[in-house]
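# Structural features, examined
Read off the chains here:
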Amino acid sequence: KLGAHKALLQMHAAMERNRLVALDQFLPLLDRVVKNDSYLNMARERAASLAEWIRNGPPPEPTPAPAQTAAEVKPAVTAGKP
């Protein structure tokens, strides 16, 4: 059970690269890991995250912050200097 987290990390990486098919077949296993207190919390949280991804689709990609122009960047204020 100690290797479950590593296996789930590998599964996550494979899912990100679209290397797994028939993801629904993993749901019973992931749900069992989530409900079993003998697994590490990290593994249980990762299993819950993967199960949610399979049920609801991948999480949205984070949108990058817009780039600031040189005019928008405020100079740093240093203490005690004018």
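Here, residues in each chain are numbered from 1, in the same order as that chain's written sequence. Since the coordinates come from a predicted model, pLDDT governs what is reported: local features require at least 70, and pairs of side-chain atoms require 80 or more to be given and counted, while whole-chain, interface and lining totals use all residues. Values reported for side chains reflect all heavy atoms of the structure, with hydrogen atoms and water molecules removed beforehand.

### Thoughts on the overall build of the chain
For helices the rule is a DSSP run of H or I covering at least 4 residues; for strands it is a run of E covering at least 2, with both sets numbered from the N terminus onward. Of the regular secondary structure elements, the chain holds three helices and zero strands. Along the chain direction, N to C, the helices and strands of the chain fall in the order α-α-α. Evaluated residue by residue, the chain yields a buried proportion of 21% over its 82 residues. The protein chains shown are the only cover counted for residues, whose accessible areas, like all others here, come from Shrake-Rupley with a 1.4 Å probe. Summed over all atoms, the accessible surface of the chain reaches about 6,800 Å², with 57% contributed by carbon and sulfur. Note on classification: 1.4 Å probe, protein chains only; a residue is buried when its accessible area is under 20% of the maximum for its type, exposed when over 50%, partly exposed between these limits.

### A few points about the confidence of the model for the chain
Scored from 0 to 100, pLDDT records how confident the predictor is in each individual residue. For the chain, per-residue confidence averages 86 on the pLDDT scale, and residues scoring 70 or more make up 80% of the total. Per-element confidence in the chain ranges from a low mean pLDDT of 95 for helix α1 (residues 4-16) to a high of 97 for helix α2 (residues 27-35).

### Some details on the nonpolar core
In this text, buried Ala, Val, Leu, Ile, Met, Phe, Trp, Tyr and Cys residues form a nonpolar core when linked through side-chain atoms within 4.5 Å. The biggest cluster of nonpolar side chains holds 14 residues, and the ones touching the most others in it are Leu-8, Met-11, Met-15, Leu-30, Leu-50 and Ile-54. Counting only elements with at least two residues in this core, the list comes to α1, α2 and α3 (41-56). Whether two residues are in contact is decided by their heavy atoms, any of which lying within 4.5 Å being enough. Setting aside anything within four residues of it in sequence, one finds Met-15 in contact with Leu-20, Leu-23, Leu-50, Trp-53 and Ile-54.

### What to know about the packing of α1 against α3
When two helices pack together, their arrangement is given by the angle between the helix axes and by the axis-to-axis distance. The axes used here are C-alpha line fits, helices contributing only the stretch in contact, and every angle between their N-to-C directions lies in the interval 0 to 180 degrees. For the pair α1 and α3, interaxial distance at closest approach is 9 Å and the crossing angle is 25°. Considering their axes alone, α1 and α3 lie roughly parallel with respect to each other. You can see that α1 and α3 cross each other, and the crossing is left-handed. Along its contact with α1, which presents Ala-4, His-5, Leu-8, Leu-9, Met-11, His-12, Met-15 and Glu-16, the element α3 presents Met-42, Ala-43, Arg-46, Ala-47, Leu-50, Trp-53 and Ile-54. For classification purposes, an angle smaller than 35 degrees is called roughly parallel, one larger than 145 roughly antiparallel, one from 65 to 115 roughly perpendicular, and anything else oblique. Two helices that cross are described as forming a left-handed crossing if the nearer one is turned anticlockwise from the farther one by less than a right angle, and a right-handed crossing if clockwise.

### Here's the deal with the pattern of salt bridges
Put simply, a salt bridge is a Lys or Arg side-chain nitrogen that is within 4 Å of an Asp or Glu carboxyl oxygen. Tallied over the full model, the rule gives two salt bridges. In this structure, the salt-bridge partner of Asp-31 is Arg-55, at a minimum N-O distance of 2.6 Å. Of this pair, Asp-31 sits in helix α2 while Arg-55 sits in helix α3; the two residues are 24 residues apart in sequence, bridging distant segments of the chain. A relative accessible area of 47% places Arg-55 in the partly exposed class. A salt bridge links Asp-37 to Arg-44, with the nearest nitrogen and oxygen atoms 3.2 Å apart. The exposure class of Arg-44 is partly exposed, given its relative accessible area of 21%.

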